[in-house]
Amino acid sequence: MKADVLLGLQWGDEGKGKIVDVLTPKYDVIARFQGGPNAGHTLEFNGIKHVLHTIPSGIFHDDAVNIIGNGVVIDPVIFKWEISALEKMGVDIKKRLFVSRRAHLILPTHRLLDAASEKAKGKSKIGSTLKGIGPTYMDKTGRNGLRIGDIDNPKFTEMYEALVAKHAQLLQFYDYDYNLEELEEEWFEGIDLLRSMTHIDCEHYINQALKEGKSVLAEGAQGSLLDIDFGSYPFVTSSNTICAGACTGLGVAPGKVGQVFGIFKAYCTRVGSGPFPTELDNEIGEQMRQVGNEFGSTTGRSRRCGWLDLPALKYAIQVNGVTELIMMKADVLSGFDKIQVCTHYEYKGEQIHHLPYSISEDVVKPVYKKLDGWNNDLTGLTEVESIPSELENYIRFIEEETGVPVSIISVGPDRKQTLHRKALQEAPVLD
Ligand code: GDP
Ligand code: IMO
Ligand code: MG
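In short, a report on the structure. Values in this document were obtained by computation on a predicted structure and should not be read as measured data. (Residues numbered from 1 in each chain as written. Chains lettered and ligands numbered in written order. Predicted model: local features only at pLDDT ≥ 70, side-chain atom pairs only at ≥ 80, totals over all residues. Heavy atoms only, no water.)

## What to know about the overall build of the chain
Selection criterion: Helix and strand assignments come from DSSP, with helices taken as H or I runs of at least 4 residues and strands as E runs of at least 2, each series counted from the N terminus. As defined in this context, the radius of gyration uses C-alpha atoms, and a globule is described by 2.2 Å times the residue total to the power 0.38. Three exposure classes are used, based on accessible area relative to the maximum for each residue type with a 1.4 Å probe and protein chains only: buried under 20%, partly exposed in between, and exposed over 50%.
Scanning the chain from terminus to terminus reveals twelve helices and 20 strands. Expected size for 431 residues packed as a compact globule is a radius of gyration near 22 Å; at 21 Å, the chain falls within 12% of this value. Its C-alpha atoms give the chain principal-axis dimensions of about 65 × 50 × 40 Å. Buried residues in the chain amount to 57% of all 431 residues.

This is the structure we're talking about:
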């Protein structure tokens, strides 16, 4: 068996949580491969809305094993909150959630460093979620970090204190006030909870599962345009959010990757700073934000909205090797007379169809094609055959432009508001 991968193709918040939950009945194992509590993955079913940050989105299904992979960074405090919320809902969490020994820990001082660094950057701040993600991955690559496997080391407290002492020096440089003791109590409670969980070597576990014929779905966080290498640097997160991140974040060899499901919204959103060529700083963007409820699942911040950007989508499809597309939030575009899609950019006096090194507004100007919109409320649809012809045309246009079939269309936040679409026979296969 090969592991399938599901990941975001834009700037995050595409709806990964919802679709992982929808697909989980087909899988034995769901494994998060990168990111940490900067993620907020929303699921809705039976009138319940739930947001997950560190825990994979297959957790509500009795038969699936959920794994937090080695590529993930864990804040014990947020992890503890997540576990207690799930336990209150009757989820037997300890039986179905395993944590990689190689996953790194977010310390309270990582969060402080994140906040201090953002404050020092002033206007040029990244707009980080302030969850300590950057500093934790810096310690991972700088070979200073603490891992889940270290919790059982009798010298864990000493190791913790040594790292905190380094951080204290850095915080002095920032001239940043803080009270660490206040934060530490809850953190060590979280460590006790993590100690009681099942720790695994996820690279062995997943490869063994694949050998035994079990099906595995790797769940990404953030989106491809926030990737540390291929995103709009420096306004990115600190991990590889693309498909290759599933290999390094779980220990799955590239040849063992099967389907790559790429999720995108029918339009674009971005939260935090950084370039966004198709951003609509007007009433159309505001309508998208209100109808789409575009406010961050983790921070509550208002999301910036804009039309679909095909050069960016094609770029993400290419770097991920996407085999199937999943279009989210089609319902939000109902009621627009015309739907616009950016087909290419004007760049240094030329027309280009790819994503250049810089996508700042002074470098690229998006060029749009107008398609007919639709007025129908899509949220009650149960069959793909009932979608309006204008939406079908929009989807076919995207398939033709990208060469990848759209296999799912989401028309609302609930599990049930999901339309499965047969791949168009004529849709060309990506080479
Ligand atoms: P994720 O981070 O990729 O899992 O996405 P988020 O949960 O941060 O953001 C997606 C938001 O859109 C959540 O509030 C979902 O409940 C909601 N959502 C998901 N799919 C749809 C859809 O098809 N239509 C609408 N209207 N909302 C959706
Ligand atoms: P999910 O998994 C949307 C953004 C932040 C900021 C930048 C860096 O829910 O799609 P970080 O805290 O990672 O250092 O922030 O990345 N960001 C996200 N935006 N969805 C996310 O996750 C995000 N995780 C980080 O807003 O611009
Ligand atoms: Mg999110």
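After presenting the structure, the write-up continues.
## Some thoughts on the site of ligand 1
Selection criterion: Working definition: residue near molecule or strand if any one of its non-hydrogen atoms lies within 4 Å of it. Counted as a polar contact is a pair of N or O atoms within 3.5 Å, where, for protein atoms, one must be capable of donating a hydrogen and the other of accepting one, and residues adjacent in sequence contribute only when both atoms are in side chains. Here the open area of atoms and residues is found with the Shrake-Rupley method and a 1.4 Å probe, where only the protein chains shown may cover a residue. Under the convention adopted here, Pro, Cys and the residues Ala, Val, Leu, Ile, Met, Phe, Trp and Tyr are nonpolar, Asp, Glu, Lys and Arg are charged, and Gly plus all remaining residues are polar.
Looking at ligand 1, there are 20 residues lining it, with Lys16, Thr42, Ser297, Asp331 and Ser410 nearest. One nitrogen or oxygen atom from the main chain of Gly15 is found 2.8 Å from an oxygen atom belonging to ligand 1. A distance of 3.0 Å separates an oxygen atom of ligand 1 from a polar backbone atom of Lys329. Burial of ligand 1 by the surrounding chains reaches 94%, relative to a free accessible area of 580 Å². Residues of the shell around ligand 1, tallied by class, amount to four nonpolar, eight polar and eight charged.

## Notes on the packing of helix α4 (residues 108-121) against helix α5 (residues 133-141)
Using the following cut-off: Here an angle of 0 to 180 degrees is reported between the N-to-C directions of two axes, which are lines fitted to C-alpha atoms, with helices fitted over the stretch in contact. Whether two residues are in contact is decided by their heavy atoms, any of which lying within 4.5 Å being enough.
Here α4 crosses α5 at 115°, and the two axes come no closer than 7 Å. Residue-level inspection shows His110, Leu113 and Asp114 of α4 in contact with α5, the latter providing Ile133, Pro135, Thr136 and Asp139. When its residues are assigned to classes, the contact of α4 with α5 shows three nonpolar, two polar and two charged.

## Section: the site of ligand 2
Near ligand 2 there are 21 residues, and of these Asp13, Lys16, His41, Thr129 and Thr237 occur at the shortest range. Interatomic distance of 2.8 Å between a backbone N/O atom of Asp13 and an oxygen atom of ligand 2. Computed on the free molecule, ligand 2 has an accessible area of 550 Å², of which 97% lies beneath the protein chains in the complex. Class assignment of the residues belonging to the shell around ligand 2 gives a composition of eight nonpolar, ten polar and three charged.

## What to know about the coordination of the magnesium ion (ligand 3)
Rules: A donor here means an N, O or S atom no more than 2.8 Å from the metal, or no more than 3.2 Å when the metal is Na, K or Ca. Since water is not included, a site may seem to lack partners.
Looking at the magnesium ion (ligand 3), the protein donor atoms are Asp13 (OD) and Gly40 (O), and they sit 2.1 to 2.2 Å from it. Remark: Gly40 occurs in the loop between β2 (29-32) and β3 (41-45) and Asp13 occurs in the loop between β1 (3-8) and α1 (16-23); sequence separation between them is 27 residues. By relative accessible area, which is 22% here, Asp13 ends up partly exposed.

## Some details on the environment of Glu203
Residue placement: Glu203 occurs in helix α8 (residues 202-211). As a C-alpha pair, Glu203 and Thr248 span 45 residues in sequence and 9.4 Å in three-dimensional space. Those residues in contact with Glu203 that sit more than four places away from it in its chain are Arg102, Leu250 and Gly251. At a separation of 2.9 Å, a polar atom in the side chain of Glu203 contacts the side chain of Arg102.

## Side note on the packing of aromatic side chains
Inclusion rule: The aromatic pairing rule takes the rings of Phe, Tyr and Trp, using the six-membered ring of Trp, and pairs them if the centres are within 6.5 Å, calling planes under 30 degrees apart stacked, those over 60 edge-to-face and the rest tilted. Put simply, a charge is over a ring when the Lys NZ or the Arg CZ is close to the ring centre, within 6 Å, and near the line of the ring normal, within 35 degrees.
Taken as a whole and assessed by the stated rule, the structure comprises ten aromatic pairs. Taking the centre distance of 5.1 Å and the plane angle of 65° together, the rings of Phe45 and Phe60 count as edge-to-face. Here Phe45 is found in strand β3, whereas its partner Phe60 is found in the loop between β4 (48-52) and β5 (65-68), with 15 residues between them in sequence. An identical accessibility class is assigned to Phe45 and Phe60; each is buried. Taken together, a centroid distance of 5.0 Å and an interplanar angle of 90° make the contact between Trp187 and Phe188 edge-to-face. Following the ring pairs from residue to residue traces out a cluster consisting of Phe156, Tyr160, Trp187 and Phe188. Cation over ring: Arg415 sits above Phe45, and NZ or CZ is 3.9 Å from the ring centre.

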